[in-house]
Amino acid sequence: MQNVTIRSATFEQCYLRLDGSSVNAFTGPGSGTANCQTDVGDWERLNIQPVAGSSDIVNIGSAAFPNVFLRMDGQDVHTFTAEGGGTVNLQFTAGPFEQFRLETQPDGTTAIASVAFPGTYLRMDGRNAHWDPNGFGIINCQASVGPFEKFHISSGTKPLTRQQLEQAIATYGPVLILHPDEIYVNTSIEYFLEHSKLHDSKTRTDINHPTVDQLPQEGDDKQFFLELEDGGKRGDFSRAKAYVHALWQKGQDYTDLQFWLFYAYNGPATGHINGLIFDTIAHTGDVDLAPMGEHVGDWECVMIRIHNDTKQPIGVWLSQHSGGQMVLEDDISHVFQMDRGTHPIVYSSRNGHANYPVADSNYTEHRKYPNPAILAGIEFFLRNDTKDGGRVLDCSTRYEIISADWLTGADAYAVPKWVTYPFRWGPEGTTSHMSPHTVENIIEAAAGPLAPFLPGYDLRVIAGMILAAFVTDDINGPGAPIKKSTWTGQY
């Protein structure tokens, strides 16, 4: 028996996921779920075992759910169809529908062919890949081998050594370019603590300017949080560095180098408004949405995914507010400019610090509220301005490795106590003081000569949307990196 992962050759971020949590007895039509996941956990670890008496027929079983196997029903699959067909799910015990041949393709990939239904192949549609606790995508059948039917089957590679890890950072560490008008720059954890106090809401006591070793490691929910002095908001770029969390899990053939970037303060958001007359732009302008978007403490992340065998990058992920952007191997050289040939250039947006591969306005949170029954409408974006000419943080030289938990003994890295501090990097329990009416007035002022024509209802709708976009995530300080899904590879 061989323990493996099965990854799409076309959707390089997609692994075959078998959810056998409800599969505990044989059923004729099978049960459970086969779909996709963007990283390797227990449900993406599989066992390939030969069928007794055969040299080339195998079963594909779940490593997490004993005696649960991949099942393919291709009885209705006779010709190619764009969306595939048949049924792929799971079965308790292995019979004819659970038998496969692994067919090597000319390009070195592997197709997974049904034994019970000759000429029928496992198909994976991983479009719109995103991490989801329940998996995503479609696993079904196809009557021929094309891009969706090709896979990489890996028995797992050895993880990077300490020397290889440091070499990968030196070779592929990103170069971060701040906006030339950025006020709130990257800084170090030590700088932030030197300008903060640690508040204990249970004992109602404070520690002014705590050291890293004074940060609590446990406590009641919301018991501790950090309050930043006004004088510390700008940060000290001379002390800035990237904090590298190296993530490798058993069964993965890659290592994620997560470059965590810390800012003492997140600045206000900027909106872009288009005034519409009969759905045509008649007036346009930007508006400062302060204090919307402002908060103490800001964690951002750039991830470089390194293949453990080739030691080459096979993916880059950029944090962007509550989401992010994944760029896969074939697109890296097209999407990113490179510094010294191998270091992707990443731009940090002004005030909000979201990461982008280009210098641009990088509009997000698009909303449009035209009303065909009336003269005027409004269109709204958030600006995430990036630009050349600002300060530069070379993460291949200015970094500290804070976690690589597969390395042990003399090769292990010390984990600073701030890494395992599980509370907020900023205040707790704060509320917004800007009402929808105030936001409405800001937008109305930005509409210029169109203001008399803008429908009050649409202004209230977009004002409420602005508040919703910021109050939930940005009023309180950010949670600890170890509490974020990114930390465990859920991008």
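Every value quoted in this text rests on a predicted model; they were computed, and no experiment measured them.

What counts, and where the lines are drawn
Residues numbered from 1 in each chain as written. Predicted model: local features only at pLDDT ≥ 70, side-chain atom pairs only at ≥ 80, totals over all residues. Heavy atoms only, no water. Pairing = 2+ DSSP bridges. Helix = DSSP H or I, 4+ residues; strand = E, 2+ residues; numbered from the N terminus. Axes fitted to C-alpha atoms, helices over the stretch in contact; angles between N-to-C directions. Buried < 20%, exposed > 50% of the residue type's maximum accessible area, 1.4 Å probe, protein only. Phe/Tyr/Trp six-rings, centres within 6.5 Å; stacked < 30°, edge-to-face > 60°. Lys NZ or Arg CZ within 6 Å of the ring centre and 35° of its normal. Core = buried A, V, L, I, M, F, W, Y, C linked by side-chain atoms within 4.5 Å.

Undergrad: Describe the sheet that holds strand S14 (residues 196-200), listing the residues and the values that go with them.
TA: In spatial order, the strands read S15-S14-S16; together these three strands make up an open sheet with antiparallel pairing. Either end of the sheet is taken by a strand with one partner, and the two such strands are strand S15 (205-208) and strand S16 (224-228). Averaged over all neighbouring strand pairs, the angle between strand axes comes to 25°, with direction disregarded. Here S14 pairs with S15 via four bridges, running antiparallel. Bridge assignment links Leu-198 to a residue of S15, and that residue is Ile-207.

Undergrad: Can you break down unusual backbone geometry residue by residue, with the values?
TA: Even without being glycine, Arg-204 reaches a positive phi, approximately 60°. By the element assignment, Arg-204 lies in the loop between S14 and S15. Judged by its relative accessible area of 71%, Arg-204 is exposed. The backbone of His-209 shows a phi angle near 50°, a positive value even though the residue is not glycine. By secondary structure assignment, the location of His-209 is in the loop between S15 and S16.

Undergrad: Could you give me a rundown of the packing of aromatic side chains, with the residues and numbers involved?
TA: Following the criterion strictly, the structure yields 22 aromatic pairs and no others. When the centroid spacing of 4.9 Å and the interplanar angle of 75° are considered together, the rings of Tyr-243 and Trp-418 count as edge-to-face. Taken as a pair, Tyr-243 in strand S17 (residues 242-247) and Trp-418 in the loop between strand S30 (399-403) and helix H4 (436-446) lie far apart in primary sequence, 175 residues in all. On the basis of relative accessibility, which here comes to 3%, the residue Trp-418 falls in the buried class. When the ring of Trp-299 is compared with that of Trp-418, the centres are 5.4 Å apart and the planes differ by 15°; the resulting orientation is stacked. Of this pair, Trp-299 sits in strand S21 (residues 295-307) while Trp-418 sits in the loop between S30 and H4, and the two are 119 residues apart along the sequence. Accessibility classification places Trp-299 together with Trp-418 in one group, the buried group. One aromatic cluster is present, built from ring pairs that chain together Phe-192, Phe-224, Tyr-243, Trp-260, Phe-262, Trp-299, Trp-418, Tyr-421, Phe-423, Trp-425 and Trp-487. The side chain of Arg-162 reaches across the aromatic face of Tyr-413, ending 4.0 Å from its centre. Here the basic side chain of Arg-305 rests over the ring of Tyr-254, its NZ or CZ set 4.1 Å away from the ring centre.

Undergrad: How would you explain the nonpolar core if you had to name every residue and give the values?
TA: Ranked by size, the top nonpolar core spans 34 residues in total, and within it Leu-165, Leu-257, Phe-259, Leu-261 and Ile-304 carry the most contacts. Every element with two or more residues in this core is listed here: helix H1 (162-172), strand S13 (175-178), S17, strand S18 (254-266), S21 and strand S22 (313-320). Counting residues in each nonpolar core, the second largest holds 30 residues, with Tyr-243, Ala-264, Val-419 and Ala-480 among its members.

Undergrad: How would you summarise the environment of Pro-133 if you had to cite specific residues and measurements?
TA: Locating Pro-133 in the fold gives a position in the loop between strand S10 (121-125) and strand S11 (138-142). A relative accessible area of 54% means that Pro-133 is categorised as exposed. Through-space distance from the C-alpha of Pro-133 to that of Gln-37 is 8.5 Å; in sequence the pair is 96 residues apart.

Undergrad: Lay out the pairing of S16 with the relevant residues and their values.
TA: Counting buried residues in S16 gives four out of five residues, a clear majority hidden from the surface. Pairing of S14 with S16 involves five bridges; the strand directions are antiparallel. In the sheet register, Leu-198 faces S16, and the bridge partner there is Leu-226.

Undergrad: Which residues make up the sheet that holds S30, and what values do they have?
TA: Spatial strand order, S23-S22-S21-S18-S17-S30: six strands in an open sheet with mixed pairing. Only two strands of the sheet have a single partner each, and these edge strands are strand S23 (323-328) and S30. Each adjacent strand pair in this sheet contributes to an overall mean axis angle of 25°, direction not counted. Bridging between S22 and S23 involves six bridges; their strand directions are antiparallel.

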